[in-house]
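Commentary on secondary and tertiary structure
Given next are the chains, with one letter for each unit.
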Amino acid sequence: MTQKSDKTRVTVEIRNRSYTIVGDEEASHVRLVASLVDQKMREIHELNPSLDTAALAVLTAINSMNDYLTLKEDYATLLGSIKKERG
């Protein structure tokens, strides 16, 4: 029994290296995410040029997750404020 795969396959470039990403997201979304990762890695590398790729990737992941959690907390606070206002 075979099932047709609706997965999107997109090749992106991050720090001059190609990666093929397979997933459910639109190709444009995958490209945007990859572009943001590339941008964040370049920013961190400019501040810390001696970092190897693994350390750079870990710091990028930590920075990105920190940004995500901050936004998530801000969102929860905003939702709480809206619920209070509505009674």
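Residues numbered from 1 in each chain as written. Predicted model: local features only at pLDDT ≥ 70, side-chain atom pairs only at ≥ 80, totals over all residues. Heavy atoms only, no water.

Looking at the side chain of D38
Short version of the rule: Each helix corresponds to a stretch of at least 4 residues labelled H or I by DSSP, and each strand to a stretch of at least 2 residues labelled E; elements are numbered beginning at the N terminus. Burial classification: accessible surface area is computed with a 1.4 Å probe over protein chains only, and a residue below 20% of its type maximum counts as buried, one above 50% as exposed, and the rest as partly exposed. A contact between two residues is defined here by any heavy atoms of the two lying within 4.5 Å.
Among the secondary structure elements, D38 is positioned in helix α1 (residues 27-47). A relative accessible area of 15% means that D38 is categorised as buried. Those residues in contact with D38, other than ones at most four positions away along the chain, are E13, I14 and R15.

Digging into the environment of Y68
Mapping Y68 onto the fold places it in helix α2 (residues 53-86). What makes Y68 partly exposed here is its relative accessible area of 45%. Y68 sits 51 residues away from R17 along the chain, and the two C-alpha atoms are 25 Å apart.

Quick notes on the side chain of T60
Quick note on the threshold: N or O atoms within 3.5 Å of each other form a polar contact, as long as, within protein, one can give a hydrogen and the other can take it, and as long as residues adjacent in sequence are counted only when both atoms are side-chain atoms.
Turning to its location among the elements, T60 is positioned in helix α2. Among the polar contacts listed, one links the side chain of T60 to the backbone oxygen of L56, at a separation of 2.8 Å. Contacts of T60, omitting those with residues within four sequence positions, involve V37, K40, M41 and I44.

Description of α2
For the record, the criterion: Helix span, as expected, comes to 1.5 Å for every residue beyond the first.
In this model α2 runs 49 Å from its N-terminal to its C-terminal C-alpha over 34 residues, within 8% of the 50 Å that 1.5 Å per residue would give. Residue G87 follows α2 closely and has a positive phi angle near 90°.

Topic: the pattern of salt bridges
The following threshold applies: A pairing counts as a salt bridge when a side-chain nitrogen of Lys or Arg comes within 4 Å of a carboxyl oxygen of Asp or Glu.
Taken as a whole and assessed by the stated rule, the structure comprises 4 salt bridges. Salt-bridge contacts for R42 lead to D38; the nearest nitrogen and oxygen are separated by 2.9 Å. Of this pair, R42 and D38 both sit in helix α1, 4 residues apart, which is roughly one turn of that helix. Salt bridges linked by common partners bring K40, E43 and D67 together as one network.

Considering the nonpolar core
Rule in force here: In this description, a nonpolar core means a group of buried Ala, Val, Leu, Ile, Met, Phe, Trp, Tyr and Cys residues linked to one another through side-chain atoms lying within 4.5 Å.
Core analysis: the largest hydrophobic core is formed by 8 residues, namely V10, V12, I14, V30, A34, M41, I44 and L56. Listing elements by their share of this core, those giving two or more residues are β1 (8-14) and α1. With 4 residues, α1 is the largest single contributor of residues to this core. Non-local contacts of V30, meaning those with residues more than four positions away in its chain, are made with V10, V12, I21 and E25.

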